[in-house]
Each structure stands twice: as C-alpha cells, then as structure tokens.
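Okay, here's what each chain looks like letter by letter:
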2 protein chains.
Amino acid sequence: MTTAKRDTYTPETLLAVAVQVFNERGYDGTSMEHLSKAAGISKSSIYHHVAGKEELLRRAVSRAIDGLFGILDEPGAREGRAVDRLEHVTRRMVGVLTSELPYVTLLLRVRGNTETERWAMERRRDFDHRVADLLKSAIAEGDLRGDVEARLATRLLFGMINSLVEWFRPEARGADGAEIADAVVQLAFRGLRVED
Amino acid sequence: MTTAKRDTYTPETLLAVAVQVFNERGYDGTSMEHLSKAAGISKSSIYHHVAGKEELLRRAVSRAIDGLFGILDEPGAREGRAVDRLEHVTRRMVGVLTSELPYVTLLLRVRGNTETERWAMERRRDFDHRVADLLKSAIAEGDLRGDVEARLATRLLFGMINSLVEWFRPEARGADGAEIADAVVQLAFRGLRVED
DNA sequence: AGAGTAACCGAACGATCGGTCGGGACAAGG
DNA sequence: CCTTGTCCCGACCGATCGTTCGGTTACTCT
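Residues numbered from 1 in each chain as written. Chains lettered and ligands numbered in written order. Predicted model: local features only at pLDDT ≥ 70, side-chain atom pairs only at ≥ 80, totals over all residues. Heavy atoms only, no water.

Side note on the overall build of chain A
Along the backbone of chain A there are eleven helices and zero strands. Projecting the C-alpha coordinates of chain A onto the three principal axes gives extents of approximately 60 × 35 × 30 Å. Within chain A, buried positions represent 50% of all 196 residues. In chain A, the proportion of contacts linking residues at least 24 apart, taken out of those at least 6 apart, comes to 68%. (Helix = DSSP H or I, 4+ residues; strand = E, 2+ residues; numbered from the N terminus. Buried < 20%, exposed > 50% of the residue type's maximum accessible area, 1.4 Å probe, protein only. Contact = heavy atoms within 4.5 Å.)

Observations concerning the protein's contact with DNA strand C
What surrounds DNA strand C is a group of 16 residues, the closest being Met32 and Lys43 of chain A together with Ser42, Ser44 and His49 of chain B. Expressed as a percentage, the sugar and phosphate content of the atoms of DNA strand C within 4 Å of the protein is 57%. In this structure, a base oxygen belonging to DNA strand C sits 2.5 Å away from a side-chain N or O atom of Lys43 of chain A. Residues belonging to the surface near DNA strand C are distributed by class as follows: three nonpolar, ten polar and three charged. (Near = heavy atom within 4 Å. Polar contact = N/O pair within 3.5 Å; in protein donor to acceptor, adjacent residues only side chain to side chain. Nonpolar A, V, L, I, M, F, W, Y, C, P; charged D, E, K, R; others polar.)

Examining the relation of the copies chain B and chain A
You can overlay chain B on chain A at an RMSD of 0.0 Å; the transform is a turn of 180° with a shift of 0.0 Å along its axis. On this basis, the relationship between the two copies can be described by a two-fold rotation axis. A share of 97% of interface residues in chain B that are also interface residues in chain A marks the association as one of identical surfaces. (Least-squares fit on C-alpha atoms with pLDDT ≥ 70 in both.)

Points about the packing of helix α6 (residues 82–99) of chain B against helix α8 (residues 115–140) of chain B
Residues and elements named next belong to chain B. It is the contact of α6 with α8, at a shortest axis distance of 8 Å, that shows an interaxial angle of 145°. Both α6 and α8 take part in a crossing whose hand is left-handed. Counted together, Ala82, Val83, Arg85, Leu86, Val89 and Met93 of α6 and Phe127, Val131, Leu134, Leu135, Ser137 and Ala138 of α8 form the full contact between these two elements. Tallied by class, the residues present in the contact of α6 with α8 amount to ten nonpolar, one polar and one charged. (Axes fitted to C-alpha atoms, helices over the stretch in contact; angles between N-to-C directions. Left-handed = near helix turned anticlockwise from the far one by under 90°.)

With respect to helix α4 (residues 53–73) of chain A
The end-to-end C-alpha distance of α4 of chain A, which contains 21 residues, comes to 31 Å, matching closely the 30 Å that a straight helix rising 1.5 Å per residue would cover. Listing the buried residues of α4 of chain A in full gives Glu55, Leu56, Leu57, Ala60, Val61, Ser62, Ala64, Ile65, Leu68, Phe69, Ile71 and Leu72 of chain A. (Expected span 1.5 Å × (residues − 1).)

Observations concerning the UniProt feature "DNA-binding region" (unreviewed entry) in chain A
In this numbering, the UniProt entry assigns the feature "DNA-binding region" (unreviewed entry) to residues 31–50 of chain A. End C-alpha atoms of residues 31–50 of chain A are separated by 15 Å, and the span's content is 75% helix alongside 0% strand. (UniProt positions renumbered as here; feature names shortened; annotations may be inferred.)

Some points on the pattern of salt bridges
All names here are of chain A. Taken as a whole and assessed by the stated rule, the structure comprises 24 salt bridges over all chains. A salt bridge links Glu74 to Arg92; the shortest N-O distance between them is 2.9 Å. Taken together, the residues Glu74 in the loop between α4 and α5 (75–78) and Arg92 in helix α6 (residues 82–99) connect sequence positions 18 residues apart. Between Arg118 and Glu115 there is a salt bridge whose closest N-O contact spans 3.3 Å. Residue Arg118 and its partner Glu115 are both found in helix α8 (residues 115–140); the two are separated by three residues, about one turn of the helix. Judged by relative accessible area, which is 39%, Arg118 ranks as partly exposed. A single network of salt bridges, built from pairs that share partners, joins Glu12, Glu55 and Arg59. (Salt bridge = Lys/Arg side-chain N within 4 Å of Asp/Glu carboxyl O.)

Structural data, given as structure tokens:
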C-alpha cells in the first residue's frame, strides 16, 4: 500500500495545484510566481519537480486527452447500433468531464500559442471527428434525423457537453454527474431521434 | 455620407484588428507588440488612439454585451407566450453571435483577472438569468417539459448556442447564420417541448 | 508662408516574465 | 561520524511586459 501521508510534492500533486490556478487565471495569465504562492513553495522549488510551466500544461492536457480517447475503446462505444454507441459516448463524456474536470477544462481552452497547445488541439480534433463519424453512421442507419447536417449537429452536441466546464461544480452536485448525463441525453436525443 | 477612404486608424478600426488578435492568441497571450505588428503601426502609436490594452478589451466586451441585451428589448422577446419569446431570443442570440462574432467570442472567454473582466462576467450572468427566467416561465405555462431542471436546461441551451464562437466561420457559410438558428431551435426545442 | 494638429515613430522606463544557480536543511544508510 | 540524495530556498539572469516620452513627419487652415 502507498503511505497516506503526503507532506511533500510530487509532479502529480503539484500538477493538481497548478491546473486549478491555470483554470482560474488562464494559462497565459498565470505566472510561476502565482503557482508558487498557491503551492506554498518558492518559485525555484517548482523546478525541482517539473521542467517548467509548459510541462505542467502538457501533463494536464495529456491526462484529459487520455480520458476522452479511453471512451472510444470501451465495449459500449464499439458494439451495437451507432445510435446506442453515440449515446454511450455522450454519457461517458459527461462522466470524464466531471471526474477530470480541471484537466479537461484546460484542454478545452488552449489557444495554440505553443507547440504543446497545437498538439493538444490536433488530438482534440481527432476525437471530435471520431464522434462525428458515429453520428453520421446513426443517421445512415436511420436512427437519427437527417434534416440537420451531421457536422453541425455534432458541433452543437459537443457544445452542450463541453459547456460543463463552464458551470459544473462537483461540490454542488452528486460528483458523478449521472443526472447531468441524463439531461444531456434527453435534451439532445429527443431532438435528434426520428419521431417514435 | 462618410468617406469610404480610410487610410488611418480610428479607435473603432483599431479595435477590429485588436479583437481578432485577442481571439487568436488569447487576451493575456497578446502583447502590445503583437498588436502593433498586426495593425502595421508602431507600439507607441496605438496609444495615440486608445488609452491602453484594457480599454480595447472594455470596448470589445461592451459591444458584445450591448448586442445581447438589445435582444431582450425587442418586441419578440417581450410579447407572447414564454416559449415563443424563448425561441425568438434563441434565434436572435445566434444572429448576434454570428454578426458580432469576434466581440462575443472575447466576452465568452474573459477569466476575471481585472476589474473590466469581472464587470463583463457580471453583466453576462445578468443576461443568463433573464433567459433562465424565460425558460422557467415556459415550463410553468406547460409548453416545455419540466422533468429537466430549468437551470440545467438553460445552461445546456447556452452551451449549444455559445459554442458557435468555437467553430462558426462567416466566410464558410451564409453570414447571417439563419440555417444555424434553425438547427439550434430544432435540436433544442424538439427535445424540450412536450411531445405533440 | 506660417501655425496648428493629427498620426506616427524609436528609445527607453520600471516591472514582471520564465528560468537558472549555488547552496542550506534534513533524513537515511553506512 | 560522514556521505548521499531529496527538497527547498534567496538571489539573480536576460527577455519581454505595458506604458511613457520627446520628437518628426505630413496635411489643413488661414
């Protein structure tokens, strides 16, 4: 077992602090001085644990990306009708957004100023395309209405889901976000499904 | 008539350039040097037209806020059943987002680091509450389903609409965004309305 | 021609940026 | 006791930040 006592920083525990500050002030708006105050150690001590500011960003967005792509490997995202796989991905996206909230928040806000940010944006675009293909298949299989363009519908669906990072606070709700996943599915799919 | 010739900057034309750079690099990620390169004049010349970087931000978000609050004063947002007023506001929000895209984009991304940013966030919260009240009324009048919490539904609706700033490019579509407004209404309301 | 002014510029300001450096405190292992 | 390595620090680095200042164009008005 690992010791519960944690009186010193590791790259991971330091990352948790940094990501929170990044989300409050924005990545560019956060200085190493801000991070040192929040972590309670000196600016130079941060460099004992990580190589620099950009490594913190890279670690954070990597964690978010891994969480999202992990969804696509789950059985529920690979087997069955496209519409059911899409609903599964939708629910699990809400799950990942809520459980990895600060990391995904950071991912969704990168602007592409550095190589790390551009890499993150590209991976994110890959994920979006994978989900868009799922939605197209569901239309082709006749389970989703085709009068709204697939790419547009995907973007609006992502807009709904990704907006969680703007308002979801785990301490104010059940932390698993099950009721939110229900609401998203209700709102999105009752509008997308062919009338029953 | 105003002369079409514009060989020198005004605060407004300079603002248009600045807002574009702000949106590409982020406000904090944009230096006055970046702005001067984009505008084609020297850094110090910018201060001949505006008081500083923050004034550019204030002008931009003010323009966005005025556009959004203007919607609430329109007859379509003040008369008729709540559900119809809500649909009108939804369509007009898409209209304002598309026509004032860079300014609204900037508004939706402020993080609250300065007094100007906190003021913008507060005004935005006011607007959100006004729309949330509209949605609550529509539920009370029996036109929208009540099994999804009103505040949650509002946030998801805003998530859909506001996501436009992440992907809408006026040069790639009809610049008025009418088809997008249709899609948003279809997706959101066919899921929100009581089954007919 | 001369005065006034709008538009602009290069150089420099103090402050802060991300990051480096040499070393101190302290616990573990011999 | 002495070494070794972890964790941390204050002081400092060159670069860049937003902003200021003194001065130079170039056009308008009289």
